[in-house]
Amino acid sequence: MPLYYGVMPVAKGGTGQATDPLTSFEASDAAYLAWNYDPQQISTQTALPTTGQVVLSRINLRQAISVTNVLYYVGTIGSTLTSGQCFAGLYSSAGTLIGASADQSVAWAATTGLYTSALASGPFAAGPGFVWVALMFNGTTGPAAGRALAAGFATSNLGFAAAVSRYAHGNVTGTTSLPTQTPASLTATATQYWCALS
């Protein structure tokens with residue numbers, strides 16, 4: 001077995017893949033419960049595309065956890081956001097809303113950077129399995145959230161049916177709050193928004 005910087009590689013999660021302990025980072029290294037990918041991979045930002053439509057980013061959960069907050073990165077503020085109609089949230093794999101943040105219309109129009117949005121009435125039990133972190137706005141221009149570069153639908157959701165998309169748009173439009181989703185009706189998207197849980 002080859003050496004990596006003088007350290008033997010460590011098998012990860014029984015998958016047969018080896019990881020370099022000097023360069024591999026997990027969500028727990030940043031004091032998070034889980035994330036969809038290392039935030040070092042954030043390379044650009046893209047505005048939430050459609051008013052009144054939920055944008056979903058999947059996070060796999062290998063064990064049961066208790067979730068208080070959803071985290072995401074805003075690189076560019078939104079414009080003329082509608083009060084009481086801008087939210088972050090968390091959905092189960094069945095499309096059920098687990099929890100929603102307070103309205104973010106003022107914050108998303110004022111401040112860039114890492115957001116830690118508390119889920120009202122949390123913490124909530126989640127997993128094992130997967131959840132989706134949700135972002136939704138109403139107004140003129142949505143905030144631009146941090147994302148990785150994507151070549152297209154095939155790479156963002158390779159091997160995943162709509163109902164278990166890694167990245168998707170919700171099946172309801174024109175809504176002013178976070179509605180129940182129908183997983184089989186989700187629309188896969190190439191936009192790989194970063195998110196995490198704490």
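The structure presented is a predicted model; accordingly, all values stated were derived computationally and were not measured. (Residues numbered from 1 in each chain as written. Predicted model: local features only at pLDDT ≥ 70, side-chain atom pairs only at ≥ 80, totals over all residues. Heavy atoms only, no water.)

**What about the overall build of the protein chain?**
What counts is decided by this rule: The helix and strand labels rest on DSSP assignments: H or I over at least four residues marks a helix, E over at least two residues marks a strand, and numbering proceeds from the N terminus. Relative accessibility under 20% of the residue-type maximum defines a buried residue, over 50% an exposed one, and the middle range a partly exposed one, all with a 1.4 Å probe and only protein chains included. Here, Shrake-Rupley sampling with a 1.4 Å probe gives the accessible areas, and only protein chains in the shown set may cover a residue.
Counting its secondary structure elements, the protein chain contains two helices and 19 strands. Going through the 198 residues of the protein chain one by one, you find that 44% of them count as buried. Approximately 9,400 Å² of the protein chain is accessible, and the part contributed by carbon and sulfur atoms is 55%.

**Here we look at the sheet that holds strand β13 (residues 129–136)**
Definition in use: Any two strands between which DSSP finds at least two bridges are classified as paired.
On the basis of which strands lie adjacent, the open sheet formed by six strands has the order β10-β9-β13-β5-β16-β17 and antiparallel pairing. Looking at the sheet topology across the chains shown, the edges are occupied by β10 (97–100) and β17 (187–188). In terms of strand pairing, strand β5 (residues 55–61) meets β13 through seven bridges, oriented antiparallel. Its bridge partner being in β13, R58 is matched across the sheet by W132.

**Quick word on the side chain of S105**
Put simply, the test is: Whenever a nitrogen or oxygen atom comes within 3.5 Å of another N or O atom, the pair is scored as a polar contact, on the condition that within protein one atom can donate a hydrogen and the other can accept it, and that pairs from neighbouring residues in sequence are kept only if both atoms are in side chains. Any two residues whose heavy atoms approach within 4.5 Å at even a single point are treated as in contact.
On the secondary structure map, S105 appears in helix α1 (residues 105–108). In terms of polar contacts, S105 uses its side chain to reach the side chain of D103, at 2.6 Å. Setting aside anything within four residues of it in sequence, one finds S105 in contact with L81, T82, S83, G84 and C86.

**Concerning the side chain of R58**
For the record, the criterion: His is not counted here, nor are the chain ends, while Lys and Arg score as positive and Asp and Glu score as negative. Salt bridges are defined as contacts in which a side-chain nitrogen from Lys or Arg sits within 4 Å of a carboxyl oxygen from Asp or Glu.
Within the secondary structure, R58 sits in strand β5. One buried charged side chain, R58, makes no salt bridge at all; its nearest oppositely charged neighbour is E26, positioned 15 Å away. A polar contact of 2.8 Å, which involves the side chain of R58, links it to the backbone oxygen of V164. Leave out the neighbours within four places in its chain, and R58 touches N36, F130, V131, W132, F160, V164, S165 and R166.

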